[in-house]
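# Analysis of the macromolecular model
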Amino acid sequence: SITDESVIVRNFTKLLELSGIDKKYIDGLIDQYMLNRTRKDAIDLTAFRKAIGDSLQLGFLNDQERRVIMVVGPTGVGKTTTIAKLSGLATLTQNLSVGLITIDTHRVCGSEQLCALGSIFGLSSAVVTDTNQFNTALENFKHCDRIFIDTAGGSPTDYEKFAEMALYKSSHKEIEVILLLSASGNVRDYRRILRSYRSLNVSSLGVTKTDETCYFGPCLNALLETGLPVELFGTGQQVPDDIEPASAAKVVQMLLQSAN
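## Some thoughts on the packing of aromatic side chains
Applying the stated criterion to the full structure yields five aromatic pairs. Relative to tyrosine 168, the ring of phenylalanine 134 has its centre 4.9 Å away and its plane inclined at 65°; by these criteria the two rings are edge-to-face. Linking phenylalanine 134 in helix α6 (residues 131-140) with tyrosine 168 in helix α7 (residues 159-170), this pair joins segments that are 34 residues apart in sequence. Tyrosine 168 carries the same exposure label as phenylalanine 134, and that label is buried. Ring geometry for phenylalanine 216 against phenylalanine 233: centres 6.4 Å apart, planes inclined by 90°, an arrangement best described as edge-to-face. Of the two residues, phenylalanine 216 sits in the loop between β6 (204-208) and α9 (217-226) while phenylalanine 233 sits in strand β7 (residues 230-234), which places them 17 residues apart along the sequence. Take phenylalanine 216: its relative accessible area is 1%, and that puts it in the buried class. An aromatic cluster of at least three residues, connected via ring pairs, comprises Phe12, Tyr33 and Phe48.

The structure is reproduced here in structure tokens:
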């Protein structure tokens, strides 16, 4: 009945609110949901996934034309671990050759960690401290199908580090930048982070630590606000297993977990 249908829609709206999604995005998601639903006696999860998929650009970096990828993000977000996972997938499942470069010489044992993780998969790695060494490393790895660049984390107000990363990136136009966000952040911090990394011309986003939060709505708000493609979800600490392509199904799963 119409009454039952309105109750379902009201309950669905409440579910989105409990997940932490901002009202300005809830209205759009409800509109998309109503266009796609086929069930009227319960919340239509297929329509929910379609609404999320229509609202976000979701994918994975599996395009072999994308050769040089710089991974950036705040301290502790999991940049080095994510690179290790991506490198493992590239070598083990795509049979690609991979080179690793780190410009993270600020963090204690930062460069050693990437080299150690690279050695697990038999990958060549280079630690660079200036643009000349960076250029040499890229030249040495030009035979590789893919090159991952690890970077230093820091405060959104650490302008010196951002200037350093921008200097490296500006020397090679083919470098693409993936910004990692933790799934357990809050809207204000997400906005500060996104503003800070704007100078690097971020091309896409990844979300890490999805296993460490039960309140995903604030992160979804940030993803919707940026409009940038979302490529990957980090789902744990296991290398290379705990990473997956960003998908509407995973977003819905996390939102339902939030509501529960």
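Next, the rest of the story.
## Concerning unusual backbone geometry
Of note, the amide linkage connecting valine 239 to proline 240 takes the cis form, showing an omega dihedral of 0°. Following the sequence through the fold, proline 240 ends up in the loop between β7 and β8 (243-245). One non-glycine residue with positive phi stands out, namely asparagine 95, at about 55°. Assignment of secondary structure puts asparagine 95 in the loop between α4 (79-92) and β2 (98-102). Judged by relative accessible area, asparagine 95 falls into the exposed class, the value being 68%.

## Considerations on the pattern of salt bridges
Evaluated as defined, the whole model comprises six salt bridges. The closest approach of N and O atoms between aspartate 158 and lysine 161, which form a salt bridge, is 3.7 Å. Measuring nitrogen to oxygen at the nearest pair gives 3.1 Å for the salt bridge that ties glutamate 225 to arginine 191. Residue glutamate 225 is found in helix α9, and its partner arginine 191 is found in helix α8 (residues 187-196); the two are separated by 34 residues along the sequence. Glutamate 225 gets classed as partly exposed once you look at its relative accessible area, which sits at 37%. Arginine 191 gets classed as partly exposed once you look at its relative accessible area, which sits at 35%.

## Considerations on the side chain of threonine 151
Its place among the elements puts threonine 151 in the loop between β4 (146-150) and α7. For threonine 151, a relative accessible area of 1% gives the class buried. A distance of 2.7 Å separates a polar atom in the side chain of threonine 151 from the backbone oxygen of valine 71.

Basis of the calculations
- Residues numbered from 1 in each chain as written.
- Predicted model: local features only at pLDDT ≥ 70, side-chain atom pairs only at ≥ 80, totals over all residues.
- Heavy atoms only, no water.
- Phe/Tyr/Trp six-rings, centres within 6.5 Å; stacked < 30°, edge-to-face > 60°.
- Helix = DSSP H or I, 4+ residues; strand = E, 2+ residues; numbered from the N terminus.
- Buried < 20%, exposed > 50% of the residue type's maximum accessible area, 1.4 Å probe, protein only.
- Salt bridge = Lys/Arg side-chain N within 4 Å of Asp/Glu carboxyl O.
- Polar contact = N/O pair within 3.5 Å; in protein donor to acceptor, adjacent residues only side chain to side chain.

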